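# Coordinate inspection notes
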Amino acid sequence: MAQQQVTLKDALTYALQNNTKVRNAKLDIEGGRYKVEEVRAQALPQITGNVGLTYNPIIGQLVANFGGQTQAIKLGQNWNSTAGVQLSQQLFNQQVFTGLQAARSSEEYYNLTSKLTEEQIIELVANNYYQVLVNRQQLNVIDTNIKNVKIIEKVIGNQFKNGLARKIDVDRIAVNLTNLNTQREQVINAITQLENQLKFSMGMPVSTPISLPATELTEVTTLPVFTDSIDLANRTEVKLLDNQDKLLSLQRKAYVAEYYPSLALTGNYTYSSQSDGFDFLKSNAAAIGYGASAIGLTLKVPIFNGFLTRSKIRQADVDIKKARESRRESVNSLNLAYENAKIQLRNNLNTIKSQRKNADLAQEIYKSTQNNYNNGLASLTDLLETENSLTEAQNSYTQALLNYKIAEIQLIKSNGNIKSLVQEK
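Let me sum up the structure you'll find in this document. (Residues numbered from 1 in each chain as written. Predicted model: local features only at pLDDT ≥ 70, side-chain atom pairs only at ≥ 80, totals over all residues. Heavy atoms only, no water.)

This part covers the overall build of the chain. Counting its secondary structure elements, the chain contains eight helices and eight strands. Relative to the globule expectation of 22 Å for 425 residues, the C-alpha radius of gyration of the chain, 40 Å, shows a markedly less compact shape. Principal-axis analysis of the C-alpha atoms gives the chain an extent of 150 × 50 × 40 Å. Across the 425 residues of the chain, 35% fall into the buried class. A total accessible area of about 24,800 Å² is found for the chain, and carbon and sulfur atoms account for 52% of it. (Helix = DSSP H or I, 4+ residues; strand = E, 2+ residues; numbered from the N terminus. Rg over C-alpha atoms; globule rule 2.2 N^0.38 Å. Buried < 20%, exposed > 50% of the residue type's maximum accessible area, 1.4 Å probe, protein only. Areas by Shrake-Rupley, 256 points an atom, 1.4 Å probe, with all protein chains shown as cover.)

With that settled, consider the sheet that holds strand β2 (residues 46-55). Pairing is antiparallel in the open sheet, where four strands are placed in the order β2-β5-β7-β8. At either margin of the open sheet sits one strand with a lone partner, and together these are β2 and β8 (287-300). The sheet shows a mean angle of 15° between the axes of neighbouring strands, taken without regard to direction. In terms of strand pairing, β2 meets strand β5 (residues 79-92) through ten bridges, oriented antiparallel. Residue pairing across strands places Gly 49 opposite Val 85, the latter belonging to β5. (Pairing = 2+ DSSP bridges. Axes fitted to C-alpha atoms, helices over the stretch in contact; angles between N-to-C directions.)

Estimates place the volume of the largest pocket at around 290 Å³. If you trace the largest pocket, you find 15 residues lining it, with Val 39, Gly 99, Ala 102, Ala 103 and Gln 251 closest to the centre. Listed by contribution, the elements that provide at least two residues to the lining of the largest pocket are α2 (20-41), α3 (94-161) and α5 (236-256). (1 Å grid on protein atoms, 1.4 Å probe; cavity = no way out; pocket = protein on both sides within 12 Å on 5 of 7 lines; lining within 4 Å. Points joined across faces, edges and corners; volume = space filled by probe spheres on them.)

Two elements in contact, helix α1 (residues 8-18) and α2, have axes whose closest approach is 6 Å; the angle formed by their N-to-C orientations is 45°. Here α1 lies oblique to α2, going by the angle between them. Contacts between α1 and α2 involve Ala 15, Leu 16, Gln 17 and Asn 18 on the former and, on the latter, Thr 20, Val 22, Arg 23 and Lys 26. A per-class count over the contact of α1 with α2 returns three nonpolar, three polar and two charged. (Parallel < 35°, antiparallel > 145°, perpendicular 65-115°, else oblique. Contact = heavy atoms within 4.5 Å. Nonpolar A, V, L, I, M, F, W, Y, C, P; charged D, E, K, R; others polar.)

In an α-helix, one turn spans 3.6 residues; hence positions three or four apart end up facing the same way. A rise of 1.5 Å per residue sets the reference length of helix α7 (residues 380-414), with its 35 residues, at 51 Å; its end C-alpha atoms lie 51 Å apart and thus fit the reference within 8%. One or two residues past the end of α7 sits Gly 416, with phi positive at roughly 75°. (Expected span 1.5 Å × (residues − 1).)

Position of Ser 414 relative to the elements: it lies in helix α7. When neighbours within four sequence positions are excluded, Ser 414 is seen to be in contact with Ile 230, Arg 235, Ala 337 and Tyr 338.

In this fold, Asn 305 is placed in the loop between β8 and α6 (308-374). Residue class for Asn 305 comes out partly exposed when judged on its relative accessible area of 40%. Between the C-alpha atom of Asn 305 and that of Leu 44, which follows or precedes it by 261 residues, the distance is 28 Å. Separated by 2.8 Å, the side chains of Asn 305 and Thr 309 make a polar contact. (Polar contact = N/O pair within 3.5 Å; in protein donor to acceptor, adjacent residues only side chain to side chain.)

This paragraph deals with the packing of α1 against α3. Where α1 contacts α3, the two axes come as close as 10 Å, and the packing angle between them is 145°. Judged by the twist between their axes, the crossing of α1 over α3 is right-handed. Seen from α1, the contacting residues are Leu 8, Ala 11, Leu 12, Ala 15 and Leu 16; seen from α3, they are Glu 118, Ile 121, Ile 122, Val 125, Ala 126, Tyr 129 and Tyr 130. Across the contact of α1 with α3, the residue classes tally to eleven nonpolar, no polar and one charged. (Left-handed = near helix turned anticlockwise from the far one by under 90°.)

For Ala 190, the position within the fold is in helix α4 (residues 167-202). Its relative accessible area of 21% is what places Ala 190 among the partly exposed residues. Placed twelve residues apart in sequence, Ala 190 and Thr 178 show a C-alpha to C-alpha distance of 18 Å.

Moving on, we come to the packing of aromatic side chains. All told, the structure shown has four aromatic pairs when counted by the stated rule. Plain terms: the ring middles of Tyr 55 and Trp 79 are 4.7 Å apart, the flat faces sit at 45° to each other, and that makes the pair tilted. Pair noted here: Tyr 55 is in strand β2 and Trp 79 is in strand β5, with a separation of 24 residues, a long-range link. Classification of Trp 79 by relative accessible area gives partly exposed; the value is 22%. Of note, Arg 310 hangs over the ring of Phe 307, and the distance from its end group to the ring centre comes to 4.3 Å. (Phe/Tyr/Trp six-rings, centres within 6.5 Å; stacked < 30°, edge-to-face > 60°. Lys NZ or Arg CZ within 6 Å of the ring centre and 35° of its normal.)

Pairing of β5 with strand β7 (residues 262-275) involves 13 bridges; the strand directions are antiparallel. Directly across from Ala 83, in β7, lies its bridge partner Tyr 271.

Moving on to the pattern of salt bridges. Where charged atoms from two side chains of opposite charge come close, those side chains can pair. For the structure on display, the rule yields 16 salt bridges. With a closest N to O distance of 2.5 Å, Arg 184 and Asp 143 form a salt bridge. Of the two residues, Arg 184 is situated in helix α4 and Asp 143 in helix α3; the sequence distance between them amounts to 41 residues. When its relative accessible area of 26% is taken as the criterion, Arg 184 is described as partly exposed. (Salt bridge = Lys/Arg side-chain N within 4 Å of Asp/Glu carboxyl O.)

Next comes the structure, spelled out in structure tokens:
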């Protein structure tokens, strides 16, 4: 299979369409709409129909005295059949109306949760993406070092043949080359694992081969513009907390509504038929059919329920107070993340600059030592030490770039603009 080249924007766009958590969050939105319809149904007319058929093998009798003579009168017929319709309409029920408000707020809650899930997936995928890039750059460093060591190996091999180098020098180069090849295999395995983790976070089949552009992770020279504070009103987390506060308040309101009376309109119509033989809902010589209807109002007034409602309201008050404390902590946490991101960016930029200089200096020292070694002015130990120092400096520089990118993502997230990563070219 041909490898699919994936930029950061491609990875984020794919994740927003295919990540399981994102898709489930969108399904929650759909379920929330149905929840609103479910609650709304309680405020709409409720119509039910009923049909019944009864056979009375033994008919009860009424014994009465008529004119001094006791007589028994049958109460009904062997076969009774009924069909009817009932209507109920809530005219005033504060619990139902409050529940409808809560359902609408729940729909908003699911929308915010879906948005927050998308932001979290963007952050996760971006971090995984840069992890892959860093390890690929470390692989490039190792490949370059292997190439340099092979040149030294060839030189020492020729010197050994001519009696100008010792056998121990040849062995040391061989050991160093073996170690580099082992490191290379380890980095390749790490890249494979990181790519699999990236694909998993994107919602992409792990078996799909991908490649990342090598120019994504570039040198950083300047810091972004910092502000003294951030507008938390733009953060999805804060909007979600506000919505949760609203839901808790509506829950308390629903409990208070249990004190309110409720008024409902009721109506029904029933048609009945009685006969001494099976004759369902028909009127003939052997059957008697008749209709009946009623329209009324039902008023329910709560009087005393053992302080149950009061207990519910007090529990709701406690939940609201706890939510306020959690909100205060969450806001403080968001401000902390922003301040830490600024500090980390400043520190990482300084580290990038120093590690860049360090890597350039290590490269110059290595070239100088290599030249001195070729002219017999430096030992093999000096050359190998400078080669190791160069590798460490290059990897430290690459790691500093990664740390900066991760801190940059945190800063963008703190400003509420994490989705801007999807629009970047």
